[in-house]
Amino acid sequence: MSAQYVAAGVPAPLPLRTIGDIRAALLAGHGFPGDKEAFETDLQRALDSSSEADLTAVAAVIVDYRGRIRLYQDPDFDTAVQEGIDLAMRVKREARGE
């Protein structure tokens, strides 16, 4: 574990190098609601549409879910989402003249 994560009290990033790592992280509850099932569906769809020589769609699924897991782990994510919600509400109120 690197010193920056220990000092900041932030958990070290999960190893997400393989499909197995991603599955394990999703099974452990990392990721957004429904990601565990959606990952398997998206992965199967990508595999079915890919040729032996072109696994670009499979790689895209892996990159997407790796990012979703990392995003879910980010301790500042909830704060950023709340700030976005607050901003949207303020803009709507201003548009109504409140």
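Caption draft 1: Up close: the side chain of S50. For S50, the position within the fold is in the loop between α3 (35-49) and α4 (56-73). Residue classification places S50 among the buried positions, given a relative accessible area of 18%. A distance of 2.6 Å separates a polar side-chain atom of S50 from the backbone oxygen of A46. Apart from residues lying up to four places away in sequence, S50 is in contact with L55, A57 and V58.

Caption draft 2: Geometry of the nonpolar core. Listed in full, the 12 residues of the largest apolar core are L16, I22, A25, L26, F39, L43, A46, V58, V61, I62, Y65 and I69. Looking at this core, the elements that each hand over two or more residues are α2 (19-27), α3 and α4. Ignoring sequence-local partners within four residues, the contact set of Y65 consists of I22, D35, A38, F39 and D42.

Caption draft 3: Focus on the environment of A38. Along the polypeptide, A38 turns up in helix α3. The spatial distance from the C-alpha of A38 to the C-alpha of Y65 is 9.5 Å, given a sequence separation of 27 residues.

Caption draft 4: The arrangement of the packing of aromatic side chains in detail. As enumerated under the stated definition, the model contains three aromatic pairs in all. When the centroid spacing of 5.5 Å and the interplanar angle of 65° are considered together, the rings of F32 and F77 count as edge-to-face. Here F32, found in the loop between α2 and α3, pairs with F77, found in helix α5 (residues 77-96); they are 45 residues apart in sequence, far enough to count as distant. Plain terms: the ring middles of F39 and Y65 are 5.2 Å apart, the flat faces sit at 70° to each other, and that makes the pair edge-to-face. Highlighted residues: F39 in helix α3 and Y65 in helix α4, separated in sequence by 26 residues. Taken as a pair, F39 and Y65 share a single burial class, namely buried. Cluster of aromatic residues (ring-pair linked, three or more members): F32, Y72 and F77.

Reading the values: the criteria
Residues numbered from 1 in each chain as written. Predicted model: local features only at pLDDT ≥ 70, side-chain atom pairs only at ≥ 80, totals over all residues. Heavy atoms only, no water. Helix = DSSP H or I, 4+ residues; strand = E, 2+ residues; numbered from the N terminus. Buried < 20%, exposed > 50% of the residue type's maximum accessible area, 1.4 Å probe, protein only. Polar contact = N/O pair within 3.5 Å; in protein donor to acceptor, adjacent residues only side chain to side chain. Contact = heavy atoms within 4.5 Å. Core = buried A, V, L, I, M, F, W, Y, C linked by side-chain atoms within 4.5 Å. Phe/Tyr/Trp six-rings, centres within 6.5 Å; stacked < 30°, edge-to-face > 60°.

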